[in-house]
Amino acid sequence: MDIKALYRDIVNEHNLHPSHKRDLASPTIVLQGVNPSCGDDINLQLEVKDGIIIDAAFNGSGCAVSQASADMMIDLIIGKSKEEALRLSESFMKMIRGTAAEEEKEELEEAASLEDVAHMPARVKCAVLGWRTMKECIDKLQSGISQG
Amino acid sequence: MNRYRKDFPILVGSDVIYFDNAATTQRPVQVMEAMRRFNDTCNANPMRGLYGWSIAATDAYEAARHTAAAFIGAEDDREIIFTRNATESLNLAAYTYGLDRLKENDEIVISVMEHHSNILPWQMVCRRTGAKLVYLEPDREGCLKEEEYRSKITDRTKIVSIGHVSNVMGVTNPVKELAALAHEKGAVLIADGAQAAPHMPVDVTKLGVDFYAFSGHKLLGPMGIGVLYGRKDLLEEMPPFLSGGEMIEYVDRQSATYAEIPHKFEAGTVNAQGAVGLKAAMEYLKDVGFDTVMETERKLTALLMEGLASLPFVTVYGSSDPEKHCGIVTFNIEGCHPHDVASVLDTERIAVRAGHHCAQPLMRFLDIHAAVRASLYFYNTEEEVERFVDAVGKVRKWLGY
């Protein structure tokens, strides 16, 4: 997809009108994800109950790709188990590396629209920021360290 | 049509608008031809050989040193040290002069506008010697006022290291005045000329600087060759930077005596082919003439700034006077992250830089995270500027506004 079309069809909407850009009242874990070289800086918040991500949100600032990617990711992971979320994160990373199978891409739903970012090496880190941070959140929870 | 474009194969027949000249410039056929000639007629390890090719390679390398000396007004060829780039040149000054001469409570003065390569080496010197790093603060337009530098350059100052031209604001700093003041206080002045040497005539003797660093690839030359000018008496007293081959006189098991300058600072096999390319680049620039370079950049910058000023939502940083930009125009579009701007401009075949421009302290000073930078050179054209301004005017629409 032409990059302008990618922005027009998907990224702009999630960037300018994000569904999940807010603070959670009682998050189980909050983690900051940063791309120091470009200044993307998000604050990812998950509320996890009985192993299920019952709510998620983010705040922060960054380019449209980083913001839209985080917003689409949250769309996808709310209601999923931690394990399921990790698996989706793995699928997303594979898609960006160009090694994901069709079924894996389908599961990513709208987030799969960022597939073409794989051809823009400078923007890959923007697209994966939310996913990377989410994985870190869950890894931390799994290892028994949680924080407010 | 611009009469120089035909010399640049990458520009001929391409619709790319290359506005990232402050990052690196394009190379004319004359540079590639000179390097090819070196490769095809005298490629051998310079300095050591006693046979024809090696002697010719040595001559070619030393001729490049002579051209570089003349290019920046150095009085003695031995004051020119070839390095990889301006970053290495500044590191050489920091690791040798800086570490050797500074002690606790001495001060190094730089400005908040510096490129990271003129910040980090001095942070290192301060960490190791206990010296203190002091920052000059410009006004909002990037101008360093006399009262500011008079208050910061004091008897404690041992080094003043300043960008000749800022890589973000494009502003030319008062290097000559700073050098005079530094000398009055017993300090040396080091100028980072990476953004200046390609765009204006530089005369290190008239400026009165003690060291001057610049890169070849920003002035039409190849990557991997740069210059450090150093005053002869200082270079002679300084310890070597790297050690090994080519920089010694005698070596025994426990000690060595070093070669004379400049070879003392050029350890290992040198980048002779790169130096030959740099020589051709400097000769090409001299043929174009800095009057032409500056006049073209001034006209294009004025047109560009006028175009951007006519667009709502665009903020340009630095002086409102195009003459004070050295071809560098840094800006932001309200609501649009610079990386998104650069990505959509790329789809219009426009190459600009986006990010913090290796000047994070300056970004914080300007209270922004990042910015878009368009940087021009004499081979750019009015048509390109018009196409660029037109595209910038559409960016907000492309990003959903």
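Just so it is clear, the structure is predicted and the values come from calculations on it, not from any experiment.

Caption draft 1: Quick peek at the packing of aromatic side chains. Residues and elements named next belong to chain B. Using the criterion set out here, one finds 16 aromatic pairs over all chains in the structure. A centroid spacing of 5.2 Å and a plane angle of 50 degrees characterise the contact between Tyr61 and Phe82, whose relative ring orientation is tilted. With Tyr61 in helix α2 (residues 52–71) and Phe82 in strand β2 (residues 80–83), this residue pair connects regions lying 21 residues apart in the sequence. Per residue, the accessibility class of Tyr61 equals that of Phe82, and both read buried. An angle of 80 degrees between the planes, with centres 6.1 Å apart, marks the rings of Phe331 and Phe388 as edge-to-face. Taken together, the residues Phe331 in strand β12 (residues 328–333) and Phe388 in helix α13 (residues 382–398) connect sequence positions 57 residues apart. Neither residue differs from the other here; Phe331 and Phe388 are each classed as buried. One aromatic cluster in this structure is built from Tyr4, Phe8, Tyr284, Tyr377, Phe378 and Tyr379. Positioned above the aromatic ring of Phe313 is the side chain of Arg396, whose terminal nitrogen or guanidinium carbon lies 3.6 Å from the ring centre.

Caption draft 2: Representation of the state of the cysteines. On inspection of all chains with the given rule, the structure shows 0 disulfides over all chains. We note that Cys336 of chain B lacks a disulfide partner, and the nearest cysteine sulfur, in Cys63 of chain A, lies 12 Å from it. Judged by its relative accessible area of 5%, Cys336 of chain B falls in the buried class.

Caption draft 3: Main features of the domain arrangement of chain B. Residue and element names in this part refer to chain B. Taken as a whole, chain B is organised into domain 1 (30–286) and domain 2 (289–398). The C-alpha centroid of domain 2 is placed 29 Å from the C-alpha centroid of domain 1. Contacts between the two partners involve 31 residues from domain 1, matched on the other side by 28 residues from domain 2. Between domain 1 and domain 2, a total of about 2,500 Å² is buried, with carbon and sulfur atoms accounting for 63% of that surface.

Caption draft 4: Spotlight on the environment of Leu345 of chain B. Residue and element names in this part refer to chain B. The residue Leu345 is located in helix α11 (residues 338–347) in this model. For the pair Leu345 and Ile55, spaced 290 residues apart in sequence, the C-alpha separation works out to 49 Å. Aside from chain neighbours lying at most four places away, what touches Leu345 is Ile350, Val352, Phe388, Ala391, Val392 and Val395.

Caption draft 5: Structural view of the interface of chain A and chain B. Contacts between the two partners involve 18 residues from chain A, matched on the other side by 14 residues from chain B. Taken together, both faces of the contact between chain A and chain B bury some 1,300 Å²; the carbon and sulfur share is 55%. Among the residues chain A hides against chain B, the three largest losses belong to Lys4, Leu16 and Cys38 of chain A. Together they make up 40% of the total. Counting across the interface, chain A meets chain B through 2 salt bridges.

Caption draft 6: Structural detail: the pairing of strand β2 (residues 40–49) of chain A. All names here are of chain A. Pairing between strand β1 (residues 29–35) and β2: 7 bridges, direction antiparallel. Note on β2: the bridge partner recorded for Val34 is Asp41. Between β1 and β2, which follow one another and run antiparallel, lie 4 residues, and Gly39 among them has a positive phi close to 85 degrees. Pairing of β2 with strand β3 (residues 52–61) involves 9 bridges; the strand directions are antiparallel. The residue of β3 that forms the bridge with Leu46 is Ala56. Two successive antiparallel strands, β2 and β3, enclose a turn made up of 2 residues, where Asp50 displays a positive phi of approximately 50 degrees.

Calculation notes
- Residues numbered from 1 in each chain as written.
- Chains lettered and ligands numbered in written order.
- Predicted model: local features only at pLDDT ≥ 70, side-chain atom pairs only at ≥ 80, totals over all residues.
- Heavy atoms only, no water.
- Phe/Tyr/Trp six-rings, centres within 6.5 Å; stacked < 30°, edge-to-face > 60°.
- Helix = DSSP H or I, 4+ residues; strand = E, 2+ residues; numbered from the N terminus.
- Buried < 20%, exposed > 50% of the residue type's maximum accessible area, 1.4 Å probe, protein only.
- Lys NZ or Arg CZ within 6 Å of the ring centre and 35° of its normal.
- Disulfide = S-S within 2.5 Å.
- Domains from an automatic or database assignment.
- Contact = heavy atoms within 4.5 Å.
- Buried area = accessible area lost by both parts, 1.4 Å probe.
- Salt bridge = Lys/Arg side-chain N within 4 Å of Asp/Glu carboxyl O.
- Pairing = 2+ DSSP bridges.

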